[in-house]
Amino acid sequence: MRAVVVRHPGVVEILEVPTPEAGPGTIRIAVAAATVNPVDLMVRAGVGGTPFAAPRDRWGVGWDVAGTVDAIGAGVTEFTIGQAVIGISDRLDVSLGAQADYVVLEAGNVAPAPDSVSPVLAATLPLNGLTAVQALAALDLTSTDTLLVTGAAGAVGGFAVELAAARGLRVIASASPADEDAVRALGATDFVSRHAALPDAVRALIPGGVDAALDAAALGPETLAAVRGGGRFVSISVPNTPIPLRGTDVRTVLVRADRPQLDRLVAHVDAGELTLRVAETLPLTSVEAAQKRLAAGGVRGRLVLIP
């Protein structure tokens, strides 16, 4: 089968490799769609021998997948051959990722796919949906809280805005002015241009600052300065997590597979309560072009590879 891998920092390749077998507790998925995410650029840049991954001959690329169950390992009883599923490969230190013809995942990393959308749309849900859910959970929000979401037009930020607004929170969205209508459509109550001085713009709306912030744009201290003293802050980027000044609760959320959370996200999609966005579909052989486009910025929705 074909698989996207990195063997040398800065170089992404498509190799012919043996099709992996489904071992105990795992399933093999015939990939219908796999998304391109910022973590892929990190793998391409080289993660071996860092705190993120041990050295190896090659690193697999791709975290999100939609497809059908192709083989079932011993002990797995909740899936059937041919079933439509979505899943997440939530580890960096793997030889094969989701950008391939087949991928093997632990059963707990997989959920039945939404019935209401195509595999291309469904593939955009796991990584960014789970990141948004887990970041919001870390903020421990109540319906009376005010929440700032930076990068609100992006994949994680967009899901966070929609999920928080559905809970009745006042959501202040920070994004490009061209994205104001889009983020308001997702449920943002207020909008702040990403080009504005963020703390001043937010405090003009909410004197004293917001109760909590989800910093999906990785602005770090600038976003924290918009949070009130004693408030809460979540980063999804380790290098951009600021020092917890003014008694703030500062946390970093690194996404993890969670089957119950993924099931709930699927239910939101099928209920029409969560918006899935695709920027473009490309063949697997165009992975390098897809990564270059993502690195250039300005992508709204996910780039999706089709094997």
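This write-up is about the structure you can find in this document. (Residues numbered from 1 in each chain as written. Predicted model: local features only at pLDDT ≥ 70, side-chain atom pairs only at ≥ 80, totals over all residues. Heavy atoms only, no water.)

### Focus: the environment of aspartate 115
The line we're drawing: In this text, helices come from DSSP runs of H or I with a minimum length of four residues, and strands from runs of E with a minimum of two, each type numbered from the N-terminal end. Throughout, exposure labels follow a simple rule: accessible area from a 1.4 Å probe, protein chains only, divided by the maximum for the residue type, with under 20% read as buried, over 50% as exposed, and the rest as partly exposed.
You can see aspartate 115 is positioned in the loop between β8 (110–112) and α2 (119–122). Residue aspartate 115 is classed as exposed on the basis of its relative accessible area, which comes to 75%. When the C-alpha positions of aspartate 115 and valine 85 are compared, they lie 9.9 Å apart, and in sequence the two are 30 residues distant.

### Some details on the packing of aromatic side chains
Keep this limit in mind: Only the six-membered ring of Trp is used, alongside the rings of Phe and Tyr, when aromatic pairs are assigned; centres must lie within 6.5 Å, and planes under 30 degrees apart are stacked while those over 60 apart are edge-to-face, with the rest tilted. Lysine NZ or arginine CZ positioned within 6 Å of the ring centre and within 35 degrees of the ring normal marks a charge as sitting over the ring.
By the definition in use, this model includes zero aromatic pairs. A cation sits over an aromatic face here: arginine 28 above tyrosine 102, 5.6 Å from the ring centre.

### What to know about the pairing of strand β9 (residues 146–150)
Just so we agree on the cut-off: Between any two strands, pairing holds if DSSP finds at least two bridges. Seen with the strands pointing away from the viewer, any crossover whose path from the first strand over the helix to the second strand runs clockwise is right-handed.
Most of β9 sits inside the fold, with five of its five residues counted as buried. Burial along β9 is two-sided: the residues Thr146, Leu148 and Thr150 and Leu147 and Val149 are all buried. Two strands pair when backbone bridges link them, and β9 and strand β10 (residues 170–175) are joined in this way by five bridges, in the parallel orientation. Bridged to threonine 150 within β10 is serine 174. Handedness of the crossover joining β9 and β10 through helix α4 (residues 155–166): right-handed. Across four bridges, the pairing between β9 and strand β12 (residues 210–215) is parallel. In the strand pairing of β12, threonine 150 is matched with aspartate 215.

### Details of the sheet that holds β10
Put simply, the rule reads: To obtain an axis, a line is fitted to C-alpha atoms, over the contacting stretch when the element is a helix, and the angle between two such axes runs from 0 to 180 degrees between their N-to-C directions.
The six strands lie next to each other as β11-β10-β9-β12-β13-β14, forming an open sheet whose pairing is parallel. A single partner strand is all that each edge strand has here, and the edge strands are β11 (190–193) and β14 (249–252). If you compare each strand with its neighbour and ignore which way they point, the axes differ by 20° on average. By the bridge criterion, four bridges tie strand β13 (residues 227–235) to β14 in an arrangement that is parallel. Its bridge partner being in β14, arginine 232 is matched across the sheet by aspartate 249.

### Side note on the side chain of serine 89
What counts, and what does not: Contact between two residues is taken to exist if any of their heavy atoms lie within 4.5 Å; hydrogens are not considered.
Positionally, serine 89 belongs in the loop between β6 (84–88) and β7 (102–106). Sequence-distant contacts of serine 89, defined by excluding residues within four places in its chain, comprise Gly62, Trp63 and Leu105.

### Quick notes on the nonpolar core
Soluble globular proteins tend to pack their nonpolar side chains together in the buried interior. We count it as follows: For the purposes of this section, nonpolar cores are sets of buried Ala, Val, Leu, Ile, Met, Phe, Trp, Tyr and Cys residues that join through side-chain atoms within 4.5 Å.
By size, the foremost hydrophobic cluster in this structure holds 68 residues, and its most contacted members are Ile86, Leu125 and Leu147. With seven residues, helix α3 (residues 126–139) is the largest single contributor of residues to this core. If you look at the next biggest cluster of nonpolar residues, it comprises 14 residues, including Val69, Val85, Ala98 and Val110.

### Remarks on the pattern of salt bridges
Rules: By definition here, a salt bridge exists when the distance from a side-chain nitrogen of Lys or Arg to a carboxyl oxygen of Asp or Glu is within 4 Å.
Using the criterion set out here, one finds 16 salt bridges in the structure. Glutamate 288 is the partner of arginine 44 in a salt bridge, and the nearest nitrogen-oxygen pair spans 3.4 Å. Note that arginine 44 is positioned in helix α1 (residues 38–45) and glutamate 288 in helix α9 (residues 287–296), a separation of 244 residues in sequence. Here aspartate 211 ties to arginine 228 by a salt bridge, and the two come within 2.7 Å at their closest N and O atoms. Of this pair, aspartate 211 sits in strand β12 while arginine 228 sits in strand β13, placing them 17 residues apart in sequence. On the basis of relative accessible area, arginine 228 is assigned to the partly exposed category, the value being 28%. By sharing partners, the salt bridges in this structure join Glu21, Arg28 and Asp70 into a single network.

### Quick look at the side chain of arginine 44
The exposure class assigned to arginine 44 is buried, which follows from its relative accessible area of 14%. Other than its neighbours up to four places away in sequence, arginine 44 contacts Val6, His8, Pro9, Gly10, Val11, Val12, Glu288 and Gln291.

### Details of the pairing of strand β16 (residues 302–306)
With four of five residues buried, β16 lies mostly within the body of the structure. As judged from the three bridges shared by strand β3 (residues 26–36) and β16, these two strands associate in the antiparallel manner. In the strand pairing of β16, alanine 34 is matched with leucine 305. The pairing of strand β15 (residues 278–283) with β16 spans five bridges and is parallel. When the sheet's bridge partners are listed, leucine 282 is paired in β16 with leucine 305.

### Quick notes on the sheet that holds strand β2 (residues 11–16)
Within the open sheet, the three strands sit side by side as β2-β1-β4. Their pairing is antiparallel. Strands at the two margins of the open sheet, each flanked by one partner only, are β2 and β4 (59–60). As defined by bridge partners, strand β1 (residues 2–8) adjoins β2 across five bridges and the pair is classed as antiparallel. Across the sheet, valine 5 pairs through a bridge with glutamate 13, a residue of β2. In the packing of α1 onto the sheet, contacts are made with β1, β2 and β4, and the angle to β1 comes to roughly 45°.

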